[in-house]
Amino acid sequence: MLLVLATSGLVLALIGGLGALLIRNVLRQLGGDPTVATQLAKNVATGYLGFDVALVEGDSTSLMAQLKNIQASLSSVVNEVRQNSESVATASHQRDRRHRFSNEYPGLERGRGGRARG
């Protein structure tokens, strides 16, 4: 009877230890609380990129670290697209101004020396 109780206690301790190791390993792979990881994934999916991702020092492989990389990459792409669209808008505005000027003053043409002739 004592042997059965001792064996049962040992088995329960082993199961508890393995469970704790499993949970610790999963949390390490996630890089944090699963609820936070889920919210970060939702933020990225909806286009909200203005969030801060807190990582454990030295973490570069967890899900949270990868979400931070995705967030940084998407932010960079969005900024680049924004800058390019502003450049296109500026160039379009300048083209429109030149077109309006040439329509308003059709007799003025620029010669090689930059002087108006006409």
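Predicted, not measured: the structure shown is a model, and the values here were computed from it. (Residues numbered from 1 in each chain as written. Predicted model: local features only at pLDDT ≥ 70, side-chain atom pairs only at ≥ 80, totals over all residues. Heavy atoms only, no water.)

A. A look at the overall build of the chain. Helix and strand content of the chain: 3 helices and 2 strands. Long-range pairs, those at least 24 residues apart, make up 46% of the contacts in the chain between residues at least 6 apart in sequence. As displayed, the chain has an accessible area near 9,600 Å², and 60% of this comes from carbon and sulfur atoms. (Helix = DSSP H or I, 4+ residues; strand = E, 2+ residues; numbered from the N terminus. Contact = heavy atoms within 4.5 Å. Areas by Shrake-Rupley, 256 points an atom, 1.4 Å probe, with all protein chains shown as cover.)

B. Region of the structure containing the nonpolar core. Within the largest apolar cluster, 7 residues are counted, these being Ala37, Leu40, Val44, Phe51, Val53, Met64 and Leu67. Where this core is concerned, the elements lending two or more residues are helix H2 (34-45) and helix H3 (63-104). For Val53, the contacting residues outside a window of four places in its chain are Leu40, Met64 and Lys68. (Core = buried A, V, L, I, M, F, W, Y, C linked by side-chain atoms within 4.5 Å. Buried < 20%, exposed > 50% of the residue type's maximum accessible area, 1.4 Å probe, protein only.)

C. A look at the side chain of Asp59. Relative to the helices and strands, Asp59 resides in the loop between H2 and H3. One buried charge, Asp59, has no salt-bridge partner; the nearest side chain with opposite charge is Arg28, at 8.7 Å. A distance of 3.2 Å separates a polar side-chain atom of Asp59 from the backbone nitrogen of Thr61. Of note is the side chain of Asp59, whose polar atom sits 2.5 Å from the side chain of Ser62. Beyond its immediate chain neighbours, meaning those up to four positions away, Asp59 contacts Gly31 and Ala65. (Lys, Arg positive; Asp, Glu negative; His and termini not counted. Salt bridge = Lys/Arg side-chain N within 4 Å of Asp/Glu carboxyl O. Polar contact = N/O pair within 3.5 Å; in protein donor to acceptor, adjacent residues only side chain to side chain.)

D. Looking closely at the packing of H2 against H3. At a minimum axis separation of 10 Å, H2 and H3 run at an interaxial angle of 20°. By the angle class used here, H2 and H3 are roughly parallel. Crossing of H2 over H3 shows left-handed handedness. Contacts between H2 and H3 involve Val36, Ala37, Leu40, Ala41 and Val44 from the former and Leu63, Met64, Leu67, Ile70 and Leu74 from the latter. (Axes fitted to C-alpha atoms, helices over the stretch in contact; angles between N-to-C directions. Parallel < 35°, antiparallel > 145°, perpendicular 65-115°, else oblique. Left-handed = near helix turned anticlockwise from the far one by under 90°.)

E. The pattern of salt bridges, seen in detail. Within this structure, the stated rule accounts for 1 salt bridge. In this structure, Arg95 engages Asp96 in a salt bridge whose closest nitrogen and oxygen atoms are separated by 3.2 Å. Taking the relative accessible area as the measure of exposure, Arg95 reaches 49% and is therefore partly exposed. Of the residues examined, Asp96 reaches a relative accessible area of 31% and is grouped as partly exposed.

Take it as geometry only, folks, not as evidence of what the structure does.
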